[in-house]
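As a plain string of letters, each chain reads:
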Amino acid sequence: MWISVTLQAEAHKAEALSEALMDAGALSISIEDADAGTDAEKPQFGEPGHHPVGLWDHSRVIALFDADADLTVALARAAADAGFDAVPPFTLEEIAEQNWVQLTQSQFEPIRVTDRMWIVPSWHAAPDPAAINIELDPGMAFGTGSHPTTRLCLEWLCDAVQPGDSVLDYGCGSGILGIAAVRLGAGDVLGIDIDDKALDAARDNAGRNHVALRLQHSRQPLDARFDVVVANILTNPLCVLAPLLAARVAPGGRIALSGVLETQTEQVIAAYAPFLPLRVGAVHEGWARLESGSPRQTGSQ
């Protein structure tokens, strides 16, 4: 059994308190928005190249301790080390031992993308054996099919990919989009990422799904053009990559970009305007998919 301690702290002291709690014997620490679920909730979205905006004005520090820990001593020490005059208000909760593997697995059910495609964790049977079933477990690389931006891209690929198409998945993460493209009938599929661990994950997932997926690091030269280009990254890197990604679209080809908040669509559209026109193709849970190009007939280029 463990004891979970939840303490209230202002933004400028929450991080110091979390570090002091670890020094005082906490097994793990998390910091959350104390106003989550209310009108005062403040969602935070980080992007590469941008400094964090800081913690929430009203933060909640959650520390996990062994059941036999002396919490009176630990909390008093941590509060003093973090600059508090006294231990801030807190609550305690007993956490029973559980089968954490089984509990984690129970949180990830098969995901229906469209009538013809499902994302299925390895411990589940496919709900529709006749559909395209992509086996994918949660892991270190982004892209399990549950995030709105991943779903937006998968739905688009189901419409965009024609048999034999060449496909570029820029920022491939787990490889889910490239794997989906192959399963949809694409020919040559290339996944590119800046993270070596993501490339390893994509390689493993491609093998698990018995598909051929070419992978390379973003530092390597990229000169080819593709029938279908998809990039599920974030707004700022998408804007920086506008000349490169636009140039990778073959004549008559199609491109889709996601990882873009609905409020950021005009920024991305403006960045690509010198190269190709983008439009909002779909929006889901505050995230947008931008796309360009018209559906092509099978076999056309």
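- The protein chain is annotated in an unreviewed UniProt entry as Ribosomal protein L11 methyltransferase of Aromatoleum bremense.
- For the protein chain, the Catalytic activity (unreviewed entry) comment in UniProt is given as "L-lysyl-[protein] + 3 S-adenosyl-L-methionine = N(6),N(6),N(6)-trimethyl-L-lysyl-[protein] + 3 S-adenosyl-L-homocysteine + 3 H(+)".
- Under the UniProt heading Subcellular location (unreviewed entry), the entry covering the protein chain gives this text: "Cytoplasm".

### Re a nonpolar patch on the surface
Okay, so step 1: On the surface, a cluster of nonpolar side chains totalling about 250 Å² of accessible area is made up of Val87, Phe90 and Leu92.
Okay, so step 2: Structurally, Leu92 is set in strand β4 (residues 90–95).

### Here's the deal with the nonpolar core
When a protein is soluble and globular, its nonpolar side chains tend to lie buried together.
Okay, so step 1: Judged by nonpolar contacts, the single largest core of 34 residues is most densely connected at Met117, Ile119, Leu154 and Leu157.
Okay, so step 2: If you list the elements that add at least two residues to this core, you get β5 (111–114), β6 (117–120), β7 (132–135), α4 (148–160), α5 (176–183), α6 (196–208) and β11 (226–232).
Okay, so step 3: Beyond its immediate sequence surroundings of up to four residues, Met117 is in contact with Ile111, Arg112, Ala131, Ile132, Ile134, Leu154, Cys158, Ala180 and Leu184.
Okay, so step 4: With 24 residues, the next largest nonpolar core counts Leu190, Ala242, Ala246 and Leu290 among its residues.

### Considerations on the UniProt feature "binding site: S-adenosyl-L-methionine" (unreviewed entry) in the protein chain
Okay, so step 1: In the numbering adopted here, UniProt assigns the feature "binding site: S-adenosyl-L-methionine" (unreviewed entry) to Thr150, Gly171, Asp193 and Asn232.
Okay, so step 2: By secondary structure assignment, the location of Asp193 is in strand β9 (residues 189–193).
Okay, so step 3: Asp193 has contacts with Gly171, Cys172, Gly173, Ala198, Leu199, Gln216, His217 and Ser218, leaving out every residue within four places of it along the chain.
Okay, so step 4: Separated by 2.9 Å, the side chain of Asp193 and the backbone nitrogen of Gly173 make a polar contact.
Okay, so step 5: Note that Asn232 resides in strand β11.

### Section: the sheet that holds strand β3 (residues 58–66)
Each strand in a sheet pairs with another by means of backbone hydrogen bonds, the pair being arranged parallel or else antiparallel.
Okay, so step 1: One open sheet holds the four strands; their spatial order is β2-β3-β1-β4, and the pairing between them is antiparallel. The sheet is open, and its two edges are formed by β2 (28–33) and β4, each paired on a single side. On average, adjacent strands in this sheet sit at an angle of 25° to one another, irrespective of strand direction.
Okay, so step 2: Looking at chain direction, strand β1 (residues 2–10) and β4 are connected through six bridges and run antiparallel. Within the sheet, the bridge partner assigned to Ile3 lies in β4 and is Glu94.
Okay, so step 3: Each of β1, β2 and β3 is contacted by helix α1 (residues 11–23), which is oriented at about 150° to β1, the strand it contacts most.
Okay, so step 4: Relative to β1, helix α2 (residues 71–81) is tilted by about 25°, and along the sheet it contacts β1, β3 and β4.

### What about the pairing of β6?
Okay, so step 1: Residues Met117 and Ile119 line one face of β6 and the alternating positions Trp118 and Val120 line the opposite face, and both faces are buried.
Okay, so step 2: The pairing of β5 with β6 spans three bridges and is classified as antiparallel. Residue pairing for β6: Arg112 is matched across the bridge by Trp118.
Okay, so step 3: Counting the residues between successive antiparallel strands, the hairpin from β5 to β6 contains two residues.
Okay, so step 4: Bridge analysis of β6 against β7 gives four bridges, and the strand direction is parallel. Bridge pairing in β7 places Ile119 opposite Ile134.

What counts, and at which threshold
- Residues numbered from 1 in each chain as written.
- Predicted model: local features only at pLDDT ≥ 70, side-chain atom pairs only at ≥ 80, totals over all residues.
- Heavy atoms only, no water.
- UniProt positions renumbered as here; feature names shortened; annotations may be inferred.
- Patch = residues over 30% accessible without salt bridge, like charges linked within 9 Å, V, L, I, M, F, W, Y side chains within 5 Å.
- Areas by Shrake-Rupley, 256 points an atom, 1.4 Å probe, with all protein chains shown as cover.
- Salt bridge = Lys/Arg side-chain N within 4 Å of Asp/Glu carboxyl O.
- Helix = DSSP H or I, 4+ residues; strand = E, 2+ residues; numbered from the N terminus.
- Core = buried A, V, L, I, M, F, W, Y, C linked by side-chain atoms within 4.5 Å.
- Buried < 20%, exposed > 50% of the residue type's maximum accessible area, 1.4 Å probe, protein only.
- Contact = heavy atoms within 4.5 Å.
- Polar contact = N/O pair within 3.5 Å; in protein donor to acceptor, adjacent residues only side chain to side chain.
- Pairing = 2+ DSSP bridges.
- Axes fitted to C-alpha atoms, helices over the stretch in contact; angles between N-to-C directions.

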